[in-house]
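Fold and contact review
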Amino acid sequence: MRAFIATALLLGICAKTAAQNSDDPLGLWRSPDATSDALDDTHRELRASDIPALIAIARELPERRRQAIEILGILAWHNDAEREELATLFAAELAQRDAPTPPARPAGSGLPPHFETLARATWGLEGLDVYQREAVGIVPYGWLLRWAGETEPTLSDLVFLDEIVREADGVEHGWALRHRVRLSGTDAKTWLLARWADDDSDIDVAAHLALLGDREPWEEFVDYVREDDVRAVPATPLIWRVDPYLALASVESAPALTPDMAFEWKLGWDVVVSDAQRALIADRLRHVEGGLSKRIHFYARTFSDGLRGDAARSLAQELAAAPEASGGESLVDDDLVVVLGLLALREPALADTLLATWSARDDELRGFAFWARLRLGLAVEPDRAWESWMRPDTWGDRGRGWPDAQTIGLLRDDTIASRLTTLVEDRGDRASSALSALALRAGLPIAACALVAEVPPDDDVFAASRDAIVAGTPRVGLALLVEEWVDWAACFLPPERMRAIRAKPGTVGYWPATVGLALAGDAECIADVEALLRKNRTQVLDEFGDFVYFGPRGRRFARLHAARLGHNCCSRFQATVALRTLFPTLTVEDDWITIRQDIYVREWLEQHEDDLVWSRLASAWLPR
């Protein structure tokens, strides 16, 4: 339900407008009655394919120009559509606000028209006043860097490159320095030494000198950072080439970022973090503070392919021996679920042994072990599992001992059923989760049971739902919730009930029933959900929460989620949640700026087309 909560939070930020309910969000831009807020909200549903039309609006309607350009800046963060047209528009906007005029584009320049104008303003090479700086803000930083990565500056561009090297300190600094060294030819070392004499804190200059055979500046720098904090060194592709061990040390605090930089920094360096280097990272993480938790995170999100053979056995031994103080809450999280799912998939005997070891303990890991064994269909001693489920310190829908409170319903034991029924009848603190466990026992999907758990025991509908579930008709009990409490319960009703709800468009439960039928294979409903994703109907999709992609059948929409990464910030948020839920070992980072994530995810899905398996433990697709 976490993705659902996150989406609900997003709803609080982004208002629901008539424009968002329209199949044509661009139409509002030509309406004289449209408010500024309504126009702002249209960005949520605009797509990369809408950029040409919005450019035309910016040029044809002076009263809409400034706002349209701002929205175009939002869209350009995520894709490269109409790059040259956007560059012309952005440069014209800067000129309208009397920004300093850059030098004329030199003859023979390898840079595209307007590139230097936008780069000078965006990268801080011009002294702009506040008003002009507002205009600079429309030029997306990542968009400009992606463009830079495709350029090939020439000798005519040396003055511009030297300015960036001197004055900028972001990714653009590394881009300019790399080309400056390339263009210097045999004089590159002389130029770099002169630059080092001017600024002996420029790590990129020291790294380039090391690549050219002069390691003295690099050693000076390394000695300096060791006295300060080696983790402050950015693990850029350049640093990986010069000193992999320093790069390793710099990523120990955030190991999941390491392999991503081969994509994130696509600015010309042919660098790929090898399997041997990743294995070295995994080994080094043993010895850092919080190493076990970081190793779990590393295997779950970064190096899942490396969790095999000796590496799997080694990690399982660490987990089995983890003391409560160093394990505890940090171990029982989504990363641990993914790692256990990978172990169960690749080394089932190893996973069984580990969980049996945890089951014999007397701490929070015991309850987690019972939960995992039930999810995997392994044997569990009922009384000990019940005792663990009832412990106060493991209570809650996301408690450390029982990530899904209703999982206790998987125990096919009459005594457990009787105890659950007693809790339901008492209507105490645990009544709702006990009822959801009985619903699971009666055959409802676990996601549906989570909805049952949302109804408070003092509500009248609770009693009616309870009677139906206890009587062995859980879907009748679920149907009672649709109108009163949880409309998404409609996606778990019998097909005939879902079709009856769907026959009344605009009513509560219409889209949940549509999604439920789509996930069950109904062709018409599949087409409707696909149309929402393809048209980027973000406001409607806000209501979907986890349910448009829960369970194994949600994979059918994966490529459409991937495409939505390339439209705007809001659709990217929704798609990221969906993809992380479906494929937890797929790394999709919110802060990537130089990568087209839609392209990266599409390639990842194609690469893993045939080796993904549904994990009962992780409730997600994992690579076998």
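Residues numbered from 1 in each chain as written. Predicted model: local features only at pLDDT ≥ 70, side-chain atom pairs only at ≥ 80, totals over all residues. Heavy atoms only, no water.

In this section: the overall build of the chain. For the chain, the helix and strand inventory stands at 36 helices and 2 strands. Here the contacts in the chain between residues at least 6 apart in sequence split such that 64% fall between residues at least 24 apart. With the model as given, the accessible surface of the chain reaches about 26,000 Å², and the carbon-plus-sulfur share is 51%. (Helix = DSSP H or I, 4+ residues; strand = E, 2+ residues; numbered from the N terminus. Contact = heavy atoms within 4.5 Å. Areas by Shrake-Rupley, 256 points an atom, 1.4 Å probe, with all protein chains shown as cover.)

Tallied over the full model, the rule gives 16 aromatic pairs. Ring plane angle 15° and centroid distance 6.1 Å describe the contact between Y299 and F303, whose orientation is recorded as stacked. No difference in accessibility class separates Y299 from F303, as the two residues are buried. Residues W386 and W389 carry aromatic rings whose centres are separated by 5.1 Å and whose planes lie at 40° to one another, so their mutual orientation is tilted. Of the two residues, W386 and W389 are both situated in helix α24 (residues 382–390); the distance of 3 residues between them amounts to about one turn of the helix. (Phe/Tyr/Trp six-rings, centres within 6.5 Å; stacked < 30°, edge-to-face > 60°. Buried < 20%, exposed > 50% of the residue type's maximum accessible area, 1.4 Å probe, protein only.)

Along the chain, the position of H567 falls in the loop between α34 (558–564) and α35 (569–582). Looking at H567, its side chain comes within polar contact range of the main-chain nitrogen of A48, at 3.1 Å. (Polar contact = N/O pair within 3.5 Å; in protein donor to acceptor, adjacent residues only side chain to side chain.)

It is worth spelling out the side chain of R65 at this point. The topology assignment puts R65 in helix α4 (residues 62–76). Of the residues examined, R65 reaches a relative accessible area of 14% and is grouped as buried. Excluding residues that lie within four positions of it along the chain, R65 makes contacts with A58, L89, A92, E93 and Q96.

Oppositely charged side chains can pair when the atoms bearing their charge come close. One pass over the full model with this rule turns up 35 salt bridges. D352 is paired through a salt bridge with R373; the nearest N and O atoms lie 2.7 Å apart. Of the two residues, D352 is situated in helix α22 (residues 348–359) and R373 in helix α23 (residues 364–376); the sequence distance between them amounts to 21 residues. Among the ionic contacts, a cluster of salt bridges with common partners joins D80, R83, R146, E150, R596 and D598. (Salt bridge = Lys/Arg side-chain N within 4 Å of Asp/Glu carboxyl O.)

Averaged over every residue, the pLDDT of the chain is 83; residues scoring 70 or more account for 84%. Averaged over each element, pLDDT in the chain is lowest for helix α1 (residues 2–13) (34) and highest for helix α3 (residues 51–60) (96). Note on residues 1–21: pLDDT is under 50 here. Beyond four places in sequence and across chains, it has 41 contacts. Overall, residues 395–399 carries pLDDT values under 50, and its contacts beyond four positions in sequence, including any with other chains, amount to 15 contacts. (pLDDT = per-residue confidence, 0-100.)

What follows is about helix α21 (residues 334–346). If you check α21, its first and last C-alpha atoms are 18 Å apart, about what 13 residues at 1.5 Å a residue would give, namely 18 Å. Of all 13 residues in α21, 11 are buried; the element is thus mostly enclosed. Inspection of α21 places D335, L336, V337, V338, V339, L340, G341, L342, L343, A344 and R346 among the buried residues, and these make up the whole buried set. (Expected span 1.5 Å × (residues − 1).)

Further remarks concern the environment of R580. Structurally, R580 can be placed in helix α35. Taking C-alpha positions, R580 is 9.0 Å from A620, a pair spaced 40 residues apart along the chain.

So, on to the packing of helix α10 (residues 171–184) against helix α11 (residues 188–198). At a closest axis distance of 8 Å, the pairing of α10 and α11 adopts a crossing angle of 135°. Classified by the angle between their axes, α10 and α11 sit oblique to one another. Every residue of α11 that contacts α10 at L177, R180, V181 and S184 is listed here: A188, W191 and L192. When the residues that make up the contact of α10 with α11 are grouped by side-chain class, the tally is 5 nonpolar, 1 polar and 1 charged. (Axes fitted to C-alpha atoms, helices over the stretch in contact; angles between N-to-C directions. Parallel < 35°, antiparallel > 145°, perpendicular 65-115°, else oblique. Nonpolar A, V, L, I, M, F, W, Y, C, P; charged D, E, K, R; others polar.)

With that settled, the discussion passes to helix α32 (residues 523–534). Across its 12 residues, α32 extends 16 Å between first and last C-alpha, which sits within 8% of the 16 Å expected from 1.5 Å per residue. Of all the residues in α32, the buried ones are C525, I526, V529, L532 and L533. With its buried residues spanning 125° around the axis, α32 presents them on a single face. Facing away from the buried side of α32, by more than 90 degrees, are the exposed residues A523 and E524. In this structure, the buried side of α32 is in contact with α30 (495–502), α31 (510–519), α33 (538–541) and α34. (Arc of directions from axis to C-beta.)

The next thing to look at is the packing of helix α25 (residues 414–426) against helix α26 (residues 431–441). The N-to-C vectors of α25 and α26 enclose an angle of 140°; their axes lie 8 Å apart at closest approach. On the basis of their axis angle, the class for α25 and α26 is oblique. Our pair here, α25 against α26, has a crossing hand that is left-handed. Within the contact between the two elements, α25 uses D414, A417, L420, T421, L423 and V424 and α26 uses A431, A434, L435, A437, L438 and R441. Among the residues forming the contact of α25 with α26, the class breakdown is 9 nonpolar, 1 polar and 2 charged. (Left-handed = near helix turned anticlockwise from the far one by under 90°.)

On to the pairing of strand β1 (residues 612–615), then. Bridge count for β1 against strand β2 (residues 620–623) is 4 bridges, and the pairing is antiparallel. Counterpart to V613 in the pairing with β2 is L622. Here β1 folds back onto β2, and the loop between the two strands holds 4 residues, one of which, S619, carries a positive phi near 50°. (Pairing = 2+ DSSP bridges.)

What follows deals with unusual backbone geometry. For H114, which is not glycine, the phi torsion reads 75° and is therefore positive. Residue position: H114 is located in the loop between α5 (83–96) and α6 (115–122). By relative accessible area, which is 32% here, H114 ends up partly exposed. Non-glycine residue S619 carries a positive phi angle of around 50°.

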